[in-house]
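Here are the chains, one letter per residue:
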Amino acid sequence: MKKIIFLIAVAMAALVGVSLSSCSDDDTQKTWEAYKEWRDINNQWLNEMIAKKNADGSDYYKTVVPAWYPSSFVLLHYFNDPAENADKLSPLYNSTVDVRYYLHLYDGTPVDSSVNVTAYGTPGVYRTNLQSTILGWAMALENVHCGDSVEVIVPYQVGYGNTGSGAIPPYTNLRFNIRLVDIPFYELPEN
């Protein structure tokens, strides 16, 4: 008898899972359709940023493709000469970093910043572990040294994806200005 009740419970759980899955698929499809114009505008802007050139014809942004996620990328532009800080540390994926940042949407609309944050007594500094951030931050900051200031373009796929977050709609490509202030907890890879 217990075996029959168990099998019925498993079958019901499977049915609930299938119905929740199809609801989720329906919601994803509705979001995809509802944000078509927004997604198209964001993707057009991203393509413009990929094609952006300096006055000398060189690429304005460096395309960063991490070895651990080769099907993705972020765009990175240094505001300083990267050679100035090349001898300083770059964070690892499990590092804790202190940064100053500003976040804007594609059209320049400000969304968030570290201006009103205080990390351990330092006004305007945000402390976070890279594993706790959107993938785009980790991808970018692993290529930045302490003291560097960069602009990072984060495609929605490695940002907040098809769900968005707070004031950030789904399918939003993000523009961050970030200064890596410090790496207070630089973790070594496990052996």
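Anything mentioned here points back to the structure above.
Let us look at the structure shown here. (Residues numbered from 1 in each chain as written. Predicted model: local features only at pLDDT ≥ 70, side-chain atom pairs only at ≥ 80, totals over all residues. Heavy atoms only, no water.)

### Description of the packing of aromatic side chains
Turning to step 1, where the next piece is worked out: All told, the structure shown has twelve aromatic pairs when counted by the stated rule.
Turning to step 2, where the next piece is worked out: With a centroid separation of 4.8 Å and an interplanar angle of 80°, the aromatic rings of Tyr60 and Tyr61 are classed as edge-to-face. When sorted by exposure, Tyr60 lands in the same class as Tyr61, which is buried.
Turning to step 3, where the next piece is worked out: Aromatic pair Tyr101 and Trp137: ring centres 5.4 Å apart, planes at 80°, arrangement edge-to-face. Of this pair, Tyr101 sits in strand E3 (residues 96-104) while Trp137 is found in helix H3 (residues 135-141), placing the two residues 36 residues apart along the sequence.
Turning to step 4, where the next piece is worked out: Members of the aromatic cluster, each reached through a chain of ring pairs, are Tyr101, Tyr126, Trp137 and Phe176.
Turning to step 5, where the next piece is worked out: Between Arg39 and the ring centre of Trp32, over which it is positioned, the NZ or CZ distance is 3.4 Å.
Turning to step 6, where the next piece is worked out: It is Lys52 that lies over the ring of Tyr60; its NZ or CZ is 4.1 Å from the centre. (Phe/Tyr/Trp six-rings, centres within 6.5 Å; stacked < 30°, edge-to-face > 60°. Buried < 20%, exposed > 50% of the residue type's maximum accessible area, 1.4 Å probe, protein only. Helix = DSSP H or I, 4+ residues; strand = E, 2+ residues; numbered from the N terminus. Lys NZ or Arg CZ within 6 Å of the ring centre and 35° of its normal.)

### Digging into the layout of surface pockets
Over the atoms, a rolled probe matching the size of one water molecule traces out where space is still vacant.
Turning to step 1, where the next piece is worked out: By volume, the largest pocket is sized at about 170 Å³.
Turning to step 2, where the next piece is worked out: Lining the largest pocket we find Tyr101, Leu103, Asp112, Tyr126, Ser132, Thr133, Ile134, Trp137, Tyr160, Ile168 and Phe176.
Turning to step 3, where the next piece is worked out: Taken together, the residues that form the lining of the largest pocket break down as eight nonpolar, two polar and one charged. (1 Å grid on protein atoms, 1.4 Å probe; cavity = no way out; pocket = protein on both sides within 12 Å on 5 of 7 lines; lining within 4 Å. Points joined across faces, edges and corners; volume = space filled by probe spheres on them. Nonpolar A, V, L, I, M, F, W, Y, C, P; charged D, E, K, R; others polar.)

### Examining the nonpolar core
Turning to step 1, where the next piece is worked out: Val152, Phe176 and Ile178 are the most contacted members of the largest nonpolar core, which totals 29 residues.
Turning to step 2, where the next piece is worked out: With near-sequence residues (within four places) excluded, Ile178 lies in contact with Val99, Arg100, Tyr101, Trp137, Leu141, Asp148, Ser149, Val150 and Val152. (Core = buried A, V, L, I, M, F, W, Y, C linked by side-chain atoms within 4.5 Å. Contact = heavy atoms within 4.5 Å.)

### Some points on the pattern of salt bridges
Turning to step 1, where the next piece is worked out: Taken as a whole and assessed by the stated rule, the structure comprises four salt bridges.
Turning to step 2, where the next piece is worked out: For Lys36, the salt bridge identified is with Asp40, shortest N-O distance 2.7 Å. Of the two residues, Lys36 and Asp40 both sit in helix H2 (residues 36-51), four residues apart, roughly one turn of that helix.
Turning to step 3, where the next piece is worked out: Relative accessible area serves as the criterion here: at 36%, Asp40 is assigned to the partly exposed category. (Salt bridge = Lys/Arg side-chain N within 4 Å of Asp/Glu carboxyl O.)

### Quick look at unusual backbone geometry
Turning to step 1, where the next piece is worked out: A positive phi angle, near 65°, is found at Tyr171, a position not held by glycine.
Turning to step 2, where the next piece is worked out: Among the residues examined, Tyr171 registers a relative accessible area of 2% and is labelled buried.

### As for H2
Turning to step 1, where the next piece is worked out: Compared with an ideal rise of 1.5 Å per residue, which puts 16 residues at 22 Å, H2 spans 22 Å between its outermost C-alpha atoms and is within 8% of the ideal.
Turning to step 2, where the next piece is worked out: When we look at burial in H2, the residues that qualify are Trp38, Arg39, Asn42, Trp45, Leu46 and Met49. End-on, the buried residues of H2 take up no more than an arc of 130°, which puts them together on one face. (Expected span 1.5 Å × (residues − 1). Arc of directions from axis to C-beta.)

### So, a nonpolar patch on the surface
Turning to step 1, where the next piece is worked out: Side chains of Leu89, Tyr186 and Leu188 sit close together on the surface and give an oily, nonpolar patch of about 290 Å² of accessible area.
Turning to step 2, where the next piece is worked out: For Tyr186, the location among the structural elements is in the segment after strand E9 (174-185).
Turning to step 3, where the next piece is worked out: Take Tyr186: its relative accessible area is 31%, and that puts it in the partly exposed class. (Patch = residues over 30% accessible without salt bridge, like charges linked within 9 Å, V, L, I, M, F, W, Y side chains within 5 Å. Areas by Shrake-Rupley, 256 points an atom, 1.4 Å probe, with all protein chains shown as cover.)

### Here we look at the side chain of Asn42
Turning to step 1, where the next piece is worked out: Here Asn42 shows up in helix H2.
Turning to step 2, where the next piece is worked out: Ignoring sequence-local partners within four residues, the contact set of Asn42 consists of Tyr106, Tyr171, Thr172 and Asn173.

### Comments concerning the pairing of strand E4 (residues 110-113)
Turning to step 1, where the next piece is worked out: One ladder, built from three bridges, connects E3 with E4; its direction is antiparallel. Looking at E4, one finds that His104 is bridged to Pro110.
Turning to step 2, where the next piece is worked out: Linking two consecutive strands that pair antiparallel, namely E3 and E4, is a turn of five residues; a positive phi of about 90° is found at Gly108 within it. (Pairing = 2+ DSSP bridges.)

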